[in-house]
Amino acid sequence: MRVLLLFASVLAAYAQSVTSEIRLQVRDATGGALEAAGSVEGLATAVHRNFRTGADGRYTLTRLPLGIYRIQLARDGFAPQSVRVELRSETPLEQAVTLNVAGIQTTVDVREEETLLNPEATSASQHLGPDQLRFRSSAAPGRSVIDVVNAQPGWLLEANGSLHPRGAEYDVQYVINGIPLYDNRSPAFAQSLGIEEFESMTVQTAGMPAEFGRKLGGVVEVNTDQDLVRGLHGQMSLQGGSFDQRGSFASLQYGRGRNIFGLSGEGFSTNRYLDPPVTQNFTNRGSGGALSGRLGRNWSENDSTRAYFSSRHAGFLVPNEFLQQDAGQRQDRRADETMGQLTHMHLFSPNMVMNVRGMMRDTSARLWSNPFSTPILPAQDRGFRDGYVGGSFALHRGEHEIKAGADAIFTAVREDFSYRILHYALDGVEIFDHDVPAAFDFQARRTGYQQSGFAQDRWRRGRFTLSAGVRFDNYRLMVKETAWSPRLGAAYAIPQAGLTLRASYDRIFMPPAFENILLASSNLVSALGGEGQFLKLKSARGNFVEAGFAKSLFGKLRLDGSWYARRIDNFADDALLFN
């Protein structure tokens, strides 16, 4: 099984972005191509886009979450046309629309309420489209993404920017253009993600398809902006606020023929980067920046390739308490990340599509202190490099939507950590036990890999939808573990009542977090003056259950309700040095 999974993961592997596209062809009554203005709207998926077809009458609406959409088309001298389409598969949907001359007046009226509910959704998911992301509430620099996610049901944000989905600790998975990131993306740990270049976002806390794995406390899936508008165009935004907050973002994109090019840059600075331990806001400055680029090529109607790269960094001062401020302490923290992604989609037939993705990434984090740091002078330099390869096949066959694939992640982790205790007690209060050594130095390196394979099917018969899948994980980093994870989901739609009932079950397997994993996995109890038993880090295993409903109200509002229960063994605990 190990050899087969490794072979499959390298050759074909899997893609996690559960989106699809609509390929429009607009014609007149004689079959000739028509250039027309249009819009697409899906209230259940929070999508609203305006577009214009080319002179050949064609336009492709990309990266649409599965669901129901209303497409409206108009051209002078022709009657406007409104059509309802349903995306049920990851294979592109070919949609031809005929515009009749204005005198005939044959239009189909598609009501907004028909796109309020997704009758196939087996769990509650929040979809955020370009409008929600563009017109979001203002946020402190470096916190736009986590503030948007925190506004969704089931999420809680702690002081230093760590998200806790339904009580989970550091188990948030980000998926960028279909490629997963499993490290902690909170401001205290890593450089921020630039929300200005995101086109859409989907947030999930239950009903995970079998293709999602490893970190499953919550999944935040984002797609970068890559529209198909021809010519040179772009945008720029500036931000200012109290605590000397400054931010800027600019992007340019150029489309010509089958090619798309894009470049984005951002920067920020603030005097309140983290939530300080005292109201005086000592040493709380932070700054950062990013540069990213996008390339796209549509080789034919059946093949397209996308490339994305980014370089990000963030630096900030660790906030002081009163005694540390009086002593003149200064502790600096810096995080850097360089990442490149390459994806390719091939359409074998109108019912079968293959996605292949790859990524290389280098991430590092440093901490250093000045001589006045008290009561301890720490230093840290850690990071990891990972390579990802994965892909999937999606097949539409009758009432079934079948998907299967595999992936592999190869990781090299390094950690350097040291400290010197300068004061065992302050103002008569003992801080460190005297058995703890006054100086400590830890250095370690480790390589490992993770592999997975999955198969899943979504079957729809009338009003009833059933999804079922299974996932296999092979983890080889700090420990050797394997796991099988079944997933189930069901939904039943009652159109006349505007109601959808749903339920889901997720078996989860979550390996330990990357951050300081070598230090946390080392038996240093006696070396640090402690006593007791050392417990090895193990992967978390658990069962997630959710049941709920979605109800349309007055054809304009949607009410979602959910009940959930989670049970996890080997729950990730942050009661460790440096988490």
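Refer to the structure presented above.
Just so we're clear, the structure is a prediction, and the values are computed from it rather than from any experiment.

Enquirer: Go over the sheet that holds strand β1 (residues 19-28) with me, naming the residues and quoting the values.
Expert: Strand order across the open sheet formed by three strands is β4-β1-β7, with mixed pairing between neighbours. Edge positions in the sheet fall to β4 (58-65) and β7 (93-99), since each has one partner strand and no second. Strand-to-strand, the axes of this sheet are offset by a mean angle of 25°, without reference to chain direction. As judged from the seven bridges shared by β1 and β7, these two strands associate in the parallel manner.

Enquirer: Describe the sheet that holds strand β2 (residues 37-42), naming the residues involved and giving the relevant values.
Expert: Across the sheet, four strands lie side by side as β3-β2-β5-β6; this open sheet has antiparallel pairing. Since the sheet does not close on itself, it has two edges, and those belong to β3 (47-52) and β6 (81-87), each with one partner. Neighbour-to-neighbour, the strand axes of the sheet open up by a mean angle of 20°, direction not taken into account. Pairing geometry for β2 and β3, over six bridges, is antiparallel. When the sheet's bridge partners are listed, Glu 41 is paired in β3 with His 48.

Enquirer: Report on a nonpolar patch on the surface, specifying residues and quantitative values.
Expert: A cluster of nonpolar side chains, contributed by Phe 464, Leu 466, Tyr 492, Leu 501, Phe 549, Leu 553, Phe 554, Leu 557 and Leu 559, occupies part of the molecular surface with about 820 Å² of accessible area. At the level of secondary structure, the elements contributing two or more residues to the nonpolar patch comprise β27 (464-476), β30 (540-553) and β31 (557-569). One can find Leu 501 in strand β29 (residues 499-510). Since its relative accessible area comes to 39%, Leu 501 is described here as partly exposed.

Enquirer: Give a description of unusual backbone geometry that names residues and reports values.
Expert: Across the junction of Thr 374 and Pro 375, the peptide omega takes the value 0°, indicating a cis bond. Tracing the chain through its elements places Pro 375 in the loop between β21 (352-369) and β22 (376-397). Positive phi, close to 60°, is recorded for Phe 243, a residue that is not glycine. Assignment of secondary structure puts Phe 243 in the loop between β15 (231-241) and β16 (245-256).

Enquirer: Requested: an account of a negative patch on the surface, with residues and values cited.
Expert: On the surface, a cluster of negative charge is made up of Glu 430, Asp 433, Asp 435 and Glu 531. By the element assignment, Glu 531 lies in the loop between α5 (517-520) and β30.

Enquirer: Can you tell me about the nonpolar core, naming the residues and giving the values?
Expert: In terms of nonpolar packing, the biggest core is built from 47 residues, with Val 145, Val 149, Tyr 174, Met 201 and Val 220 touching the most fellow members. A per-element tally of this core places strand β23 (residues 400-421) first, with five residues. Apart from residues lying up to four places away in sequence, Met 201 is in contact with Gln 126, His 127, Leu 128, Leu 133, Val 145, Val 148, Val 149, Ile 195, Val 220, Glu 221 and Val 222. Core analysis: the second largest hydrophobic core is formed by 21 residues, Ala 36, Val 47, Tyr 59 and Leu 99 among them.

Enquirer: Provide a residue-level description of the pattern of salt bridges, including the pertinent values.
Expert: Tallied over the full model, the rule gives 27 salt bridges. In this structure, Glu 481 engages Arg 541 in a salt bridge whose closest nitrogen and oxygen atoms are separated by 3.8 Å. On the criterion of sequence distance, the pair formed by Glu 481 in strand β28 (residues 480-494) and Arg 541 in strand β30 is long-range, its members being 60 residues apart. Glu 481 sits in the buried class, given a relative accessible area of 12%. The class for Arg 541 is partly exposed, based on a relative accessible area of 25%. Ionic pairing is found between Asp 560 and Arg 502, a salt bridge with its closest N-O pair at 3.2 Å. Of this pair, Asp 560 sits in strand β31 while Arg 502 sits in strand β29, and the two are 58 residues apart along the sequence. Classification of Arg 502 as buried rests on a relative accessible area of 7%. Taken together, the shared-partner salt bridges connect Asp 183, Arg 185, Glu 337, Arg 361 and Asp 386 into one network.

Calculation rules
Residues numbered from 1 in each chain as written. Predicted model: local features only at pLDDT ≥ 70, side-chain atom pairs only at ≥ 80, totals over all residues. Heavy atoms only, no water. Pairing = 2+ DSSP bridges. Helix = DSSP H or I, 4+ residues; strand = E, 2+ residues; numbered from the N terminus. Axes fitted to C-alpha atoms, helices over the stretch in contact; angles between N-to-C directions. Patch = residues over 30% accessible without salt bridge, like charges linked within 9 Å, V, L, I, M, F, W, Y side chains within 5 Å. Areas by Shrake-Rupley, 256 points an atom, 1.4 Å probe, with all protein chains shown as cover. Salt bridge = Lys/Arg side-chain N within 4 Å of Asp/Glu carboxyl O. Buried < 20%, exposed > 50% of the residue type's maximum accessible area, 1.4 Å probe, protein only. Lys, Arg positive; Asp, Glu negative; His and termini not counted. Charge placed at Lys NZ, Arg CZ, Asp CG, Glu CD. Core = buried A, V, L, I, M, F, W, Y, C linked by side-chain atoms within 4.5 Å. Contact = heavy atoms within 4.5 Å.

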